[in-house]
Amino acid sequence: MNKKTDHSADLLVTEKDGVVARLAVRGGVRRPDALQGFLNAFASAMLSADACPTASFIAGKVLQRTERTGVFNLEETAQRKTTFDSALRHARQSSSPHGRLAAELAQLSRYVVWQSGRSGPFASVNFSKAHAHSVLVGPSGIETRPDIRICLILMEPYTRFPDNVQARSKAFVLLSPSEICIDGDAWLRADAGSVFSVEAGQAFAIRCTSQPLLAIWCQLEEGFK
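Residues numbered from 1 in each chain as written. Predicted model: local features only at pLDDT ≥ 70, side-chain atom pairs only at ≥ 80, totals over all residues. Heavy atoms only, no water.

*Asks:* Explanation requested: helix H1 (residues 33–46) in the structure shown.
*Replies:* In an α-helix, one full turn covers 3.6 residues, which means residues spaced three or four apart are oriented alike. Between the first and last C-alpha of H1 there are 20 Å, a value that for 14 residues agrees with the 20 Å anticipated at 1.5 Å per step. When H1 is considered as a whole, its buried residues turn out to be Leu35, Gly37, Phe38, Leu39, Ala41, Phe42, Ala43, Ala45 and Met46. (Helix = DSSP H or I, 4+ residues; strand = E, 2+ residues; numbered from the N terminus. Expected span 1.5 Å × (residues − 1). Buried < 20%, exposed > 50% of the residue type's maximum accessible area, 1.4 Å probe, protein only.)

Structure representation (structure tokens):
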């Protein structure tokens, strides 16, 4: 008998209800240019020679599924976050792949819908008001679909994300410098552009100092390979 995955400890996933969205036949529906440009830049960053091989493997499986499209939600939102704009501005100054990724992400900024997640162990005192999540591709995202998830994490300066255990293996790319802690090991400094993975069942925490934190992560949803 298979053990059902426990999602309750994974604080990066902000909703638990399944989303039913029909996937288009391959090549049947054209993806909006801004979203396709972002995915192309995301692929360049995640599959670069400098990326962590495990992260590239996870991201590759996610990106392979984008050959088919979901349902698009391109309604402009009134939500604007100065922290997001500041993080993008810093990241776009780089000529590295993450700089191009930030530039493409900026083209989607008017469609980004932010939401707060749950807190947990060792979160900074300002966490509830100083962080936000957004789904770009996945359940309730700009491109809604049930099989993958490509999401943003945004945190204001001097914020610590709580310890949480990952329900699914994830690949991350940082658009700003941060410090990360994986599976209880020592905190490691990570530069903007760093690509890394956190495997299912591992604990994960992340924090930032004087600059806001902006990161993108992806995973396959449960039931998809």
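*Asks:* What is the right way to look at the layout of surface pockets in this model?
*Replies:* Where empty space is left in the structure can be found by rolling a water-sized probe over the atoms. Taken as a whole, the second largest pocket holds about 210 Å³ of empty space. Contributing to the lining of the second largest pocket are 12 residues, with Val113, Gln115, Val135, Ser140 and Gly141 lying nearest its centre. By residue class, the composition of the lining of the second largest pocket is 5 nonpolar, 5 polar and 2 charged. (1 Å grid on protein atoms, 1.4 Å probe; cavity = no way out; pocket = protein on both sides within 12 Å on 5 of 7 lines; lining within 4 Å. Points joined across faces, edges and corners; volume = space filled by probe spheres on them. Nonpolar A, V, L, I, M, F, W, Y, C, P; charged D, E, K, R; others polar.)

*Asks:* Explain the packing of aromatic side chains to me, please; I cannot follow it from the model alone.
*Replies:* Aromatic ring pairs are described here by two measures, namely the spacing of the ring centres and the angle between the planes. This model, assessed by the stated rule, comprises 6 aromatic pairs. The interplanar angle of 75 degrees and the centroid separation of 5.1 Å between the aromatic rings of Phe84 and Trp114 together place this pair among those described as edge-to-face. Of this pair, Phe84 sits in helix H3 (residues 82–92) while Trp114 sits in the loop between helix H4 (97–106) and helix H5 (127–130); the two residues are 30 residues apart in sequence, bridging distant segments of the chain. Taking the relative accessible area as the measure of exposure, Trp114 reaches 7% and is therefore buried. Both rings, one in Phe172 and one in Phe204, keep their centres 4.9 Å apart while their planes meet at 40 degrees; by these two values the pair is tilted. One end of the pair, Phe172, is in strand E6 (residues 170–174); the other, Phe204, is in strand E10 (residues 203–207), with 32 residues separating them in the sequence. (Phe/Tyr/Trp six-rings, centres within 6.5 Å; stacked < 30°, edge-to-face > 60°.)

*Asks:* Can you help me understand the sheet that holds strand E5 (residues 164–165) in this one?
*Replies:* Note: strands within a sheet are paired through backbone hydrogen bonds, in either parallel or antiparallel orientation. The sheet built from 4 strands is open, its strands ordered E5-E10-E7-E8 with antiparallel pairing. With one partner strand each, in any of the chains shown, E5 and strand E8 (188–190) form the two edges of the open sheet. As paired strands, E5 and E10 are joined by 2 bridges and run antiparallel to one another. Residue pairing in the sheet places Val165 in a bridge with Ala203 of E10. (Pairing = 2+ DSSP bridges.)

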